[in-house]
Amino acid sequence: MASFLLTSDPVESLADHLATEVGGRGIENAERIGPAATIELITASGLRGRGGGGFPTGRKWSGIAAQDTSRPYIVCNGAEGEPGTFKDRALMRSNPYQLVEGVIIAAHAIGAAEVYICIKASYVEELERVTRAVQEFQQAGICGGCTVNIVAGPDEYLFGEEKAMLEVIEGKPPLPRLFPPYEQGLFARSPETGWEASPVADDSRRDDPHPTLVNNVETLSNVPHILTHGAEWFRSMGTAESPGTIVCTVVGDVDAPGVGEVELGTSLREVIRAVGGGMPAGRT
């Protein structure tokens, strides 16, 4: 089974990350080829959203980049509220540096004004790991001038819904808005889209919707690997329609509940065996 997102030993520092074959090279390549080519490479890779929707990532990026806006934003969804699911938390514990590098590359690609990484406040270890990774990137001067904010959100399940997540970033309860983030994003002046009035940036145009890119932890963790190794490398795994690997959780009546990384297209039977240790004796 291919595995590059989940490391056998946690990456504990930026120095350790930069010592890998991927660390820092994704950002270097993105800066070398420029924003448009970066989006083209993500599109060519066939990467699809790993938050559940499976929407083509390159198409989502290009849709934001093409809009006439003074202030695009990026939101990384690390809320992971589905019961029994631990794959994003496993990634943040294993290597938060690949996530932060992916976020920086995405910000470069769409020209984001700011980035928000949203994690539940109760996920203490993940918050600490990601916050430290961001600080180390900033101290090393590898943030590309982009402001990265960490948001510790509520335990409510709806915090993980992308429109409700924007509300939380703006200091409001996790209740969904009317318009999706790519149509009406963070701190937009009008129309009002949620349950309460929104604060706005001083230099914001009233007709500027501030389109906001929302990707989840696993999606963005794939990005530096694609920028380093290329689209053909990524497409060598998985299927034609769904290239790459996926991190999944197997819990319940299995021998060894756990989190693992498998190629897309792997049968459920093989996933149960490889990630969950197989079925208990007497079960089929």
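Residues numbered from 1 in each chain as written. Predicted model: local features only at pLDDT ≥ 70, side-chain atom pairs only at ≥ 80, totals over all residues. Heavy atoms only, no water.

A. The pattern of salt bridges, seen in detail. By the definition in use, this model includes 15 salt bridges. Where Lys 87 meets Asp 88, a salt bridge forms, and the shortest distance between an N and an O atom there is 3.1 Å. By the burial criterion, Lys 87 is buried, and Asp 88 matches it. With a closest N to O distance of 2.6 Å, Arg 177 and Glu 167 form a salt bridge. Of this pair, Arg 177 sits in the loop between α8 (162-169) and β4 (212-216) while Glu 167 sits in helix α8, and the two are 10 residues apart along the sequence. The class of Arg 177 is buried, set by a relative accessible area of 6%. (Salt bridge = Lys/Arg side-chain N within 4 Å of Asp/Glu carboxyl O. Buried < 20%, exposed > 50% of the residue type's maximum accessible area, 1.4 Å probe, protein only. Helix = DSSP H or I, 4+ residues; strand = E, 2+ residues; numbered from the N terminus.)

B. Up close: helix α5 (residues 87-94). Within α5, 7 of the 8 residues are buried, leaving the element largely enclosed by the surrounding structure. Every buried residue belonging to α5 is among Lys 87, Asp 88, Arg 89, Ala 90, Leu 91, Met 92 and Ser 94, and all of these are buried.

C. Representation of the packing of helix α6 (residues 96-110) against helix α7 (residues 124-139) within the structure. Contact pair α6 / α7: the axes reach a minimum separation of 9 Å and the direction vectors enclose 55 degrees. The pairing of α6 with α7 is recorded here as oblique in orientation. Read as a crossing pair, α6 and α7 show a hand that is right-handed. Each of Pro 96, Tyr 97, Leu 99, Val 100, Glu 101 and Ile 104 in α6 lies in contact with α7, whose residues at this interface are Arg 129, Val 130, Arg 132, Ala 133, Val 134, Glu 136 and Phe 137. Counted by class, the contact of α6 with α7 contains 9 nonpolar, no polar and 4 charged residues. (Axes fitted to C-alpha atoms, helices over the stretch in contact; angles between N-to-C directions. Parallel < 35°, antiparallel > 145°, perpendicular 65-115°, else oblique. Left-handed = near helix turned anticlockwise from the far one by under 90°. Contact = heavy atoms within 4.5 Å. Nonpolar A, V, L, I, M, F, W, Y, C, P; charged D, E, K, R; others polar.)

D. How the structure looks around the sheet that holds strand β1 (residues 73-78). Spatially, the 4 strands line up as an open sheet ordered β3-β2-β1-β4, and their pairing is parallel. Every interior strand has two partners, whereas the edge strands, β3 (147-153) and β4, have only one. For this sheet, the mean inter-axis angle between neighbouring strands, taken without regard to orientation, is 20 degrees. Where strand β2 (residues 114-120) meets β3, 7 bridges bridge the pair, whose relative direction is parallel. Counted as the bridge partner of Ile 117 is Ile 150 from β3. (Pairing = 2+ DSSP bridges.)

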